[in-house]
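# Descriptive analysis of the structure
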Amino acid sequence: MRKIEKRGVFCLILAALLGLGLAVFCFQFVVDGGDWASYPYNRHLYSNSGQLKGGTILDRDGDVLSTLDENGNRTYYPDGDIRRATLHAVGDPAGNIGAGALTAFADKLSGYNLLTGVYSPLGTGNNLYLTIDAYLNNIAYQALGGMRGTVGVYNYKTGEILCMVSTPTFDPADPPTIDPEDPAWEGVYVNRLLLANSIPGSIFKVVTLNAAIENLPDLFSRTWTCTGSVEIGGDVVTCPYAHGEQDIEDALANSCNGVFGQLAVELGGDTMQKYTDSAGLTESIKVDGINTSEGHFNFDGNDNQLAWAGVGQGEDTMCPINMMLYMGAIANGGKAAMPRLIEKTTTDYGLPTGLYFAHKSSKLIEEDTASTIADMMHNNVIETYGQDRFPGMDICAKSGTAEVGADQTPNAWFTGFLRDEATPYAFIVLVENGGGGSSVAGTVASKVLTAAVEKAY
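Residues numbered from 1 in each chain as written. Predicted model: local features only at pLDDT ≥ 70, side-chain atom pairs only at ≥ 80, totals over all residues. Heavy atoms only, no water.

### Here's the deal with the overall build of the protein chain
When you go through the protein chain residue by residue, the secondary structure sums to 15 helices and 18 strands. Residues classed as buried in the protein chain amount to 53% of the 457 residues present. Within the protein chain, residue pairs in contact and separated by at least 24 positions form 65% of the contacts whose partners lie at least 6 positions apart. Total accessible area on the protein chain is roughly 19800 Å²; 52% of this is exposed by carbon and sulfur atoms. (Helix = DSSP H or I, 4+ residues; strand = E, 2+ residues; numbered from the N terminus. Buried < 20%, exposed > 50% of the residue type's maximum accessible area, 1.4 Å probe, protein only. Contact = heavy atoms within 4.5 Å. Areas by Shrake-Rupley, 256 points an atom, 1.4 Å probe, with all protein chains shown as cover.)

See the structure below:
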């Protein structure tokens, strides 16, 4: 009798484990079924050369960026510059660009659904409308002028990424032979807006300012005298030149390393880490399922190292899109729409195959602090960058010149947002080894924002 009872208990345990395993499988099937179906080993969806057989990719205006011809071969937009400008959003035929739509959204292009799997006839698939504008991407591509870097513009109310350009790039309709040892092609398959970490330089001072405003009650009554360098922690923190006497608003407009280095040390490593984490710069975010790279910051060193970390140097690295999201949160009172790339998906008959909504971020900054920083960033434009470069725009911005090595030209950054209900855009520009943030990256931003405002999406 006892043996029967033990066997019965054992059978119940096995049944419970089987049920649990089935439940886990069903959950994963619901969540990951589209990814499973769209793996490259599925010969129903992919050719022997690895090209996705179905689906059409369009921009927000309905311009076809990639589709299949009558022979089942993948084709791209007729203009070569547009093809290069949208490469990292669309993807390449071989699937080397993992964040491109042909790879990242293969399940949506194929026509997969939970009930019938990949139901579309071979060679058709769905229409995938991206939020980007091919025209604006081309403006950004031309503005970069062959320089390596990235440009991002997004609507911080709706989350739509309007511009996403990454260079170096190539023509997907005529892929070159790429030597991985050739520095000209370094990171060519990487979408730099979503997946490449870089030293932020002085654009990070906005985070240090955020922490200082909320933790140093007398911040706005203080003044500092910059002589071009200051000793912190037994070594110097230098500025490009002496800024003289300045208050905190002047220090931000001047991008004074001495002032912000001293503030970082006064605030302490724990506080700096807290505000960096709160700004979302150390986490991976999801852009329609694409996981962006995580930022890495180290505030555990000595006072001199902490000072340099507080001005965006040292061991700091971050993903550009995270800073763009933070800019959107400052513009929008503390929270912003999460960036997204998919506008809609439809069948060949125009029927919707999915629902895509804007989702808010967590609170990245307090509302009152955001308003104060926005005004100070607008002052940067008036006092330093030049309002005439951004005609008709209520623009708030911060430039950055990030040192990346003693024998290399610094990286150039320019980031910020527009305070306008009609054009609620946050933006970021990175020009690797470009030199001056305002002069180089700011010029790229001016051209792209002017085109974006004129079109007013």
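From this point on, the discussion continues.
### Points about empty space enclosed by the protein
For the coordinates displayed, the defined rule picks out two cavities of 30 Å³ or more. Reported here for the second largest cavity is a volume of approximately 30 Å³. Looking at the second largest cavity, the residues that line it are Leu 65, Tyr 76, Tyr 77, Arg 83, Thr 86, Leu 87, Val 90, Gly 91 and Pro 172. In terms of residue class, the lining of the second largest cavity is built from six nonpolar, two polar and one charged. (1 Å grid on protein atoms, 1.4 Å probe; cavity = no way out; pocket = protein on both sides within 12 Å on 5 of 7 lines; lining within 4 Å. Points joined across faces, edges and corners; volume = space filled by probe spheres on them. Nonpolar A, V, L, I, M, F, W, Y, C, P; charged D, E, K, R; others polar.)

### Observations concerning helix 15 (residues 437–455)
The end-to-end C-alpha separation of helix 15 is 26 Å, in line with the 27 Å expected for 19 residues at 1.5 Å each. Maximal helix bending in helix 15 amounts to about 30 degrees, located at Thr 443. Within helix 15, the full set of buried residues consists of Gly 437, Ser 438, Val 440, Ala 441, Gly 442, Val 444, Ala 445, Ser 446, Val 448, Leu 449, Ala 451 and Ala 452. (Expected span 1.5 Å × (residues − 1). Bend = angle between axes of the 7 residues up to and from the residue.)

### Side note on the sheet that holds strand 1 (residues 56–58)
Read from one edge of the open sheet, five strands run 3-2-1-6-15, paired in mixed fashion. Of all strands in the sheet, those bounded by a partner on one side alone are strand 3 (74–76) and strand 15 (342–346). The average angle at which neighbouring strand axes cross in this sheet is 15 degrees, direction not considered. As defined by bridge partners, strand 6 (residues 127–130) adjoins strand 15 across four bridges and the pair is classed as antiparallel. Bridge pairing in strand 15 links Tyr 129 to Lys 344. (Pairing = 2+ DSSP bridges. Axes fitted to C-alpha atoms, helices over the stretch in contact; angles between N-to-C directions.)

### Observations regarding the side chain of Thr 167
By the secondary structure assignment, Thr 167 is in strand 8 (residues 161–167). Look at Thr 167 and you get buried, because its relative accessible area is 5%. Engagement of the side chain of Thr 167 in a polar contact is seen with the backbone oxygen of Met 147, the distance being 2.7 Å. Apart from the residues within four sequence positions on either side, Thr 167 is in contact with Tyr 141, Leu 144, Met 147, Arg 148, Gly 149 and Arg 192. (Polar contact = N/O pair within 3.5 Å; in protein donor to acceptor, adjacent residues only side chain to side chain.)

### Thoughts on the sheet that holds strand 8
The five strands are arranged 8-7-18-17-16 in an open sheet whose pairing can be described as antiparallel. Each edge of the open sheet carries a strand with a single partner, namely strand 8 and strand 16 (395–402). For this sheet the average axis-to-axis angle between neighbouring strands, irrespective of direction, equals 5 degrees. As defined by bridge partners, strand 16 adjoins strand 17 (residues 411–418) across eight bridges and the pair is classed as antiparallel. Bridge pairing links Gly 400 to Trp 413 in strand 17. Contacts from helix 6 (residues 134–144) reach strand 7 (149–155), strand 8 and strand 18 (425–431), with the element oriented near 35 degrees to strand 8. Taken strand by strand, helix 14 (residues 367–385) contacts strand 16 and strand 17, and its axis lies near 70 degrees from that of strand 16.

### So, the packing of aromatic side chains
Per the stated rule, a full pass over the model turns up eight aromatic pairs. Taking 6.2 Å as the distance between ring centres and 90 degrees as the angle between the ring planes, the aromatic pair formed by Phe 170 and Tyr 189 counts as edge-to-face. Residue Phe 170 is found in the loop between strand 8 and helix 7 (192–195), and its partner Tyr 189 is found in the loop between strand 8 and helix 7; the two are separated by 19 residues along the sequence. Taken together, the aromatic side chains of Tyr 385, Phe 390, Phe 414 and Phe 427 make up a single cluster linked through ring pairs. (Phe/Tyr/Trp six-rings, centres within 6.5 Å; stacked < 30°, edge-to-face > 60°.)

### Considerations on unusual backbone geometry
Backbone torsion omega between Thr 167 and Pro 168 reads 10 degrees, so that peptide bond is classified as cis. Considering the arrangement of structural elements, one finds Pro 168 in the loop between strand 8 and helix 7. We note that Ala 456 has phi near 50 degrees; this positive angle belongs to a residue other than glycine. For Ala 456, the position within the fold is in the segment after helix 15. On the basis of relative accessible area, Ala 456 is assigned to the partly exposed category, the value being 39%.

### A word on the environment of Leu 65
Take Leu 65: it is sitting in strand 2 (residues 64–68). Excluding residues within four positions of it along the chain, Leu 65 makes contact with Ile 57, Leu 58, Asp 59, Thr 75, Tyr 76, Tyr 77, Val 90, Leu 130, Ile 132 and Ala 134.

### Remarks on the packing of helix 13 (residues 320–331) against helix 14
As a packed pair, helix 13 and helix 14 sit with axes 8 Å apart at the nearest point and diverge in direction by 105 degrees. In terms of orientation, helix 13 lies roughly perpendicular with respect to helix 14. Every residue of helix 14 that contacts helix 13 at Met 327, Ala 329 and Ile 330 is listed here: Ala 370, Ile 373, Ala 374 and Met 377. Here the residues of the contact of helix 13 with helix 14 are counted per class, giving seven nonpolar, no polar and no charged. (Parallel < 35°, antiparallel > 145°, perpendicular 65-115°, else oblique.)

### Focus on the environment of Leu 195
Along the chain, the position of Leu 195 falls in helix 7. Overall, Leu 195 belongs to the partly exposed group, its relative accessible area being 33%. Setting aside anything within four residues of it in sequence, one finds Leu 195 in contact with Ala 99, Val 190, Asn 291, Thr 292, Ser 293 and Cys 319.

### With respect to the state of the cysteines
Working definition of a disulfide: a covalent bond connecting the sulfur atoms of two cysteines. Taken as a whole and judged by the stated rule, the model has zero disulfides. Cys 239 takes part in no disulfide bond, and the closest cysteine sulfur, belonging to Cys 256, lies 3.6 Å away. Assessed through its relative accessible area of 1%, Cys 256 is described here as buried. (Disulfide = S-S within 2.5 Å.)

Any functional reading would require information that these geometric values do not contain.
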